[in-house]
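A look at the structure
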Amino acid sequence: MIGKWALALVILLAAFVWMLLAAPFFSDARQKIVADVLTDQLGQDVLVQDDVSVVLGPVSRIRAGGVLIPSENITGTNLAELALLELDLDVLSLLNGRIDLDNITVDGLQVNMLTQDDGATSWTASDRTKSADVPEQTSEEMAEAPKEESGGILGFLRHRTASFTSIGLTVDDQVSGFVFAFDLESLAFDQLDDGNRLGVSGLGTVNNQAFEIEGSYPTGAPFTTQANFGEMKLTFDGNPIPASDGGGFKGTLTLDTGSFGDFLDVIGLDRVLEGSGKMKANLTSQNDVLKVAEFSAVVDLEKGQQIKAEGDVENLLKAQGLDVKLNARFHPEGQPPADADALKDLKLTGFSTHILGDGNGIEFDEFLMTTNAFDQGLDQVGPVSIGRLRRTPEGHLAMEDIHLQAGPREAPYIVAEGNIRNLLQLKQLDLAGKLSAPASLVLKGLGDDVAASFGGVEADFSVDDTKGHLSLNKLDARTVNTDVWALAAHLSLGDVTGLDGIEFDFDLDIADGAHFLGALKLEEIDTGPLELSAAAQGKGKDFATRLGLAAGTSRLEASLETSVAQGRPTIDGRVFSKKLDIEDLRKAISGVVELGKIGDSTKSAEEEQKLGDTEASEPEFQPLVLPEEDDKPTDLVDLEKLFLDTDLTVTIDIEEITGQQGVSSLSSELIAQDGQARLGPVEVTYGGGYFKVAAEMDLVETPELLSVSGATSGWDFGKILDAVGLGIDAHGTLSGQFDVTGNRKSVRTFINSMYGSASISMSKGDVATSLLELAGLGIFPWLFSEEFQQGYTDIVCVVAPVQVNSGKVSFDSIVAETESVQLVAQGQVDWINDTIALRAEPRRVGKPLARSAWPFDVTGKLSEPKFKLDVGGSRSKRTDGADEMPADRKPCVPDLRQLE
């Protein structure tokens, strides 16, 4: 009877177990049991939504669908979703109180590793497999226990064979902006070497780039991991650190990017760079610290640029103990760009820096930028803090919430903050800050006392490139803490490289020039107050500038406006002054000359001695060598292009010039239209004299030629003789005119190539000598002449017409005439070949056929002429036989030509 009841009980128990494992009525129970077991094993909550089936046996096969692992930190998000889960359960181990799961098969897995803006993650990093209520295991118990490790899912899989198919892994970090979408065909965890080594292999894509992973992880022995992302290869060879030494691991990480463009594709950034890169570093992970040692990286870009980095990081996870040297070259090696001739040609050619960080910010111990225009060392840049480095939705690498300073830490010269939202191309930047620097920064060579008297400069600035080019939105500068000078300036540039959209205002006031020079330890020249002002506005092809200069009581203003009318540029300019005092200008120029002596007084005795030795060693005489011509304005401005392409009008009007006897005004005008250019007439009155000159160019027909013409009058003959050092008392008013044309390539070329005519004349003068009468009258008539008695000669007139042709001046009728004598000269001067040939014959007025008592010749070199007196005189005659002077004889016309 008892046996029957026992058999019935076994049958009933078997039926119950069968029903529990197979009957639909117990489906919820099966789901909960499996969910609880997985929750305990994984250390995270697990839900099973679909039915669970079991194939009984000593090792039962469990099959479940719709398995979910909800995120504990982000509501409504699943850390993982499994379409199908199969695994083996060791029933004997279960009866002994241990759960042993193995041979796991997963199909249709989706893992979501999400990080929100606030830092919340979809996974839980805490270790829940070890409860505080569970007593510590002894070493013997640990040895007998299955080889399990804490650490969530990865810890659960560490000593189990597992196979995954159709796997999706999404790593979406909203803090960094990076998204990695893994689509794996398979991922296998194989227990090898009797369970003492885990082999990992996987195949699929990441961000649509081919992906492979191979790993070998022996228990307590060196391990290796190799992953390929397209052409990119990542390898990590490491060793576990024993628990007795703190646990963790260490090893060497190497990365070969292959195509750098593919690397950017993998990490989800715009493919804006091409090339290749390599990296190597030693990593140590222990106690929540990731140490990086002997880090080195080289990126070679396709156009020859190169970026290098090397250094160490004490804890990469918190950016602590950062010590990295960074060097960049932005051109092929040995092929720097040509020197910049304009701001638009300026290029950054490289930089180097030593970066230090303590977790609270980054400091550039030394920062050196190189361009094709200058080298600039900034020895104290930093600290720099970066809010975050992230990928933007547009696929750019952004550096946001940057805070930086430059100069001494306790009193930085520059403090700024902003963003760079496209770091790889240095675009989409905005930066604003303040500059505050003492004058000693630029005047430190003159001594602390000098620099202190000049105070300092403060400025507010902001820049961005929101319009597609770099713009200086504002720069407002001013001097502070000084009474020596006052500076106020404002500048904005819509386009920095093209100088477009400019607004500029500049005012510099020096209340006392002597005080200013004295502050610089220079001679205190009384220049009076000095002012300099400038303004400019320009947008597109419309541009206007203004310049103002003031010295003492003098004021000078200049303005220039450019515009485009009917597709042709137009320039209108004006230089104006109501009053200009020569003495004010002289003092101002003297002050500028004195400023040129800055630093001379600071030379050490040793430097002065070296300078003296150098000067003493120079030869006393040197051969005459013509110096090369200095740079000319025409080297900077293409006048031919300017005059051909532009309509130009510039007027000069100085109403009153004082401070010099006889100087009163200056006026002129420069006009260029349709390739025809004309300067003048330039009109100047000076010392009772008058000067008027004009210049013309035809850029269409003869662009290489310049024609200059003009006239002058009112010049005192005696003052000119005094100026050249002859010391002869004379009076008379000189007049002249000229009209010459030459090649405008240079001043020398113009003089040597010019051709045309010129003349000088004088009337109603006198000279304190009677030698001209002696030469024309002979000795005895001269002794009884009126001129000999009065000691001077009245000059009726002088006329000197000449012809100029490519370095030669020829003349056949230079006439100087007194009441009694007419001197006629003819000949040629060749300054290119250094020759002169001149013949002069003085005769009585109205007697051209009479003998000339003392004619003379000047011949030989122009630099060393030979004078020869023709003793015995000479006679002239007309070939046509004319021998009578007309009744209406004309003065200063050769008498020989007037005969009838």
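Our subject is the structure listed above.
Described in the following lines is the structure provided in the data block.

Rules of the game
Residues numbered from 1 in each chain as written. Predicted model: local features only at pLDDT ≥ 70, side-chain atom pairs only at ≥ 80, totals over all residues. Heavy atoms only, no water. Helix = DSSP H or I, 4+ residues; strand = E, 2+ residues; numbered from the N terminus. Buried < 20%, exposed > 50% of the residue type's maximum accessible area, 1.4 Å probe, protein only. Contact = heavy atoms within 4.5 Å. Core = buried A, V, L, I, M, F, W, Y, C linked by side-chain atoms within 4.5 Å. Salt bridge = Lys/Arg side-chain N within 4 Å of Asp/Glu carboxyl O. Disulfide = S-S within 2.5 Å. Pairing = 2+ DSSP bridges.

We now examine the overall build of the chain. Assigned secondary structure in the chain consists of 19 helices and 46 strands. Considering the chain as a whole, with its 900 residues, one finds that 35% of them fall into the buried category. Taking as baseline every contact in the chain between residues at least 6 positions apart, the subset at least 24 positions apart corresponds to 43%.

Within the largest apolar cluster, 48 residues are counted, with the highest numbers of intra-cluster contacts made by Leu85, Leu109, Phe164, Leu187, Phe189, Phe211 and Phe229. When neighbours within four sequence positions are excluded, Phe164 is seen to be in contact with Val106, Leu109, Leu157, Glu185, Ser186, Leu187 and Phe189. Grouped together as the second largest cluster of nonpolar side chains are 27 residues, Leu290, Phe367, Val384 and Ile402 included.

Bringing the pattern of salt bridges into the picture now. Any two side chains of opposite charge can pair, on the condition that their charged atoms come close. The tally for this structure, following the rule as stated, stands at 20 salt bridges. The partner of Glu696 in a salt bridge is Arg678, with the nearest N and O atoms 2.2 Å apart. Placement of the pair is Glu696 in strand β37 (residues 689–698) and Arg678 in strand β36 (residues 676–686), with a sequence separation of 18 residues. Judged by relative accessible area, Glu696 falls into the partly exposed class, the value being 41%. Through salt bridges with shared partners, a single ionic network connects Arg61, Arg63, Glu86 and Asp88.

This part takes up the state of the cysteines. If you walk through the whole model with that rule in mind, you get one disulfide. Note that Cys797 is cross-linked by a disulfide to Cys892, the S-S spacing being 1.8 Å. Handedness of the Cys797-Cys892 disulfide follows from its S-S torsion of about 120 degrees: it is right-handed. Of the two residues, Cys797 sits in strand β41 (residues 793–805) while Cys892 sits in the loop between β46 (865–869) and α19 (895–898), which places them 95 residues apart along the sequence. Each member of the pair, Cys797 together with Cys892, is buried.

All right, on to the side chain of Thr77 then. When you line up the elements, Thr77 lands in the loop between β3 (59–70) and β4 (78–90). Leaving out residues up to four positions away in the same chain, Thr77 has contacts with Pro70, Ser71 and Leu114.

Along any regular strand, the residues point their side chains to alternate faces of the sheet. As paired elements, strand β16 (residues 320–329) and strand β17 (residues 348–358) share nine bridges and run antiparallel to each other. Bridging from a neighbouring strand, Leu322 pairs with Gly357 of β17. As paired elements, β17 and strand β18 (residues 362–371) share nine bridges and run antiparallel to each other. Of the residues in β18, the one forming a bridge with Leu348 is Thr371. Turn length for the β17-β18 hairpin, with the two strands adjacent in sequence and antiparallel, is three residues, and the turn residue Gly359 shows positive phi of about 100 degrees.

Attention shifts here to unusual backbone geometry. Even without glycine at this site, Asn103 takes up a positive phi of about 50 degrees. Note on placement: Asn103 falls in strand β5 (residues 101–115). At Asp193, a position not held by glycine, the phi torsion is positive, near 55 degrees. The residue Asp193 is located in the loop between β7 (179–192) and β8 (197–206) in this model.

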